[in-house]
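This is what each chain is made of:
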Amino acid sequence: MSKKVGILTGGGDAPGLNQVIRAAVYQGVKKYDFEFVAIPDGWKGLLEGESYPLSLDDVKDWIVEGGSLIGSTRTNPFKIENGGEKCRENFEKMGLTAILALGGEDTLSTAYKLYSEHKIPTVGAPKTIDNDLPGTDQCFGFDTAINRVMEAFDRLRTTARSHHRILVIEVMGRHAGWMTLLGGIAGGADIILLPEEPFTFDKVAEKLKRLKKQGRKYALVAVSEGAKMEFAEGTDIITQDAQLDEFGHVRLGGIAKILAKEMQERIDWEARYVVLGHLQRGGAPTAFDRWFSTRLGIAAVDQIAQENFGVMVVLKGSKITSVSLKEAAKGIRTVPKQFIELAKIFEP
Ligand code: F6P
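Conventions and cut-offs
- Residues numbered from 1 in each chain as written.
- Predicted model: local features only at pLDDT ≥ 70, side-chain atom pairs only at ≥ 80, totals over all residues.
- Heavy atoms only, no water.
- Axes fitted to C-alpha atoms, helices over the stretch in contact; angles between N-to-C directions.
- Helix = DSSP H or I, 4+ residues; strand = E, 2+ residues; numbered from the N terminus.
- Parallel < 35°, antiparallel > 145°, perpendicular 65-115°, else oblique.
- Left-handed = near helix turned anticlockwise from the far one by under 90°.
- Contact = heavy atoms within 4.5 Å.
- Pairing = 2+ DSSP bridges.
- Buried < 20%, exposed > 50% of the residue type's maximum accessible area, 1.4 Å probe, protein only.

Asks: An account of the packing of helix 6 (residues 142-163) against helix 7 (residues 178-186) is requested, with residue identities and associated values reported.
Replies: Helix packing geometry: the angle between the two helix axes and the distance between the axes. Contact geometry of helix 6 with helix 7 gives a least axis separation of 8 Å together with a crossing angle of 45 degrees. Classified by the angle between their axes, helix 6 and helix 7 sit oblique to one another. Crossing of helix 6 against helix 7: the hand is right-handed. Along its contact with helix 6, which presents Phe 142, Ala 145, Ile 146, Val 149, Met 150 and Phe 153, the element helix 7 presents Trp 178, Met 179, Leu 182, Gly 183, Gly 184 and Ala 186.

Given below as structure tokens:
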């Protein structure tokens, strides 16, 4: 009997999702004679018992598409009573053999829980522009996002230079600075502020003054949305509101505005700010992400064919391999000290 695989995407969308799905369907249909269904809107779809068929024809042109064509939510099945049992029940009703879950920390730790506590055979693939998932050297979506950051820097540089201004650029990434670091280095940022190393307004102002003294008439500052400001009484992050999502995350954002205002006041240098926001994750993936996602989709289906469940397919060095989904539940992977130091070489 042919295997029937349900595919879902959870959490924030990321470029590469449709490319993983496309490759999984190609590999599954052509190599193993699998059947596929989409489970719409992440774990919400499974909780509600929703699915629809995905054929080769459906996914054929998905190589160019951004976002998630099967929808994504941040639904946490374990936030509702008997959520795990409901998922198991619907898994059986749909006649599924396995679920391929594409997501970050939240989606994949849920996949692990459903596998270990409710015996749902799951396989995961690491998605997140934040690049903060442990167990893999890189997540798909990240390469596209840092290219967007770099392009934004290239554009903002010309306007900052024309008007002799400071431009503070806020980059996504939650509590990990990967996007700010790599996007900032690629975009030639003068100062890079990461969540991994709290900053003070005084120190940033000093650096900017130094830059001015060195003869530069404009400045580009990259700041992570989750960068922490250091005060005598501790550190603080800036949030958009006090509400938490179903996985307990706050909505970050707003730090660039505060930083730009502080710098303008402290050193009398006109400052503007830009929040790159969702432009960083919308749209079509880069060639690297299309290739990487394709490899992941194929490897994920191979794991299902081998009945090797409770794993996620990952990148280690240049190889695609698999690790336990337990890794996804180990907290976030932040930027190591050596890369934080590397960025400082380019500071004024
Ligand atoms: O996790 C991906 C991410 O884009 C973060 O970088 C960002 O903080 C968050 O999602 C934004 O979430 P939302 O799309 O719900 O505003």
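Asks: Go over the sheet that holds strand 14 (residues 271-275), please, and point to the residues and values.
Replies: Strand pairing in a sheet relies on backbone hydrogen bonds, with the paired strands running either antiparallel or parallel. Ordered by their spatial adjacency, four strands build an open sheet running 8-9-7-14, and the pairing between neighbours is parallel. Looking at strand neighbours, the two that pair on one side only are strand 8 (191-193) and strand 14, the edges of this open sheet. If you compare each strand with its neighbour and ignore which way they point, the axes differ by 20 degrees on average. By the bridge criterion, three bridges tie strand 8 to strand 9 (residues 219-224) in an arrangement that is parallel. Bridge pairing links Leu 193 to Val 223 in strand 9. Helix 7 rests against strand 7 (166-171), strand 8 and strand 9 of the sheet, and its axis sits at about 170 degrees to strand 8.

Asks: An account of the pairing of strand 9 is needed here, citing residue identities and associated values.
Replies: Counting buried positions along strand 9 gives six out of six residues, so the element sits mostly inside the fold. Neither face of strand 9 is left uncovered, since the one carrying Ala 219, Val 221 and Val 223 and the one carrying Leu 220, Ala 222 and Ser 224 both have all their residues buried.

Asks: Tell me what's going on with the environment of Ala 328, and back it up with residues and numbers.
Replies: Inspection of the secondary structure assignment puts Ala 328 in the loop between strand 16 (319-324) and helix 11 (337-344). For Ala 328, a relative accessible area of 1% gives the class buried. Sequence-wise, Ala 328 and Ala 111 are 217 residues apart; in three dimensions their C-alpha atoms are separated by 9.3 Å. Beyond its immediate chain neighbours, meaning those up to four positions away, Ala 328 contacts Glu 105, Leu 108, Ser 109, Leu 133 and Met 312.

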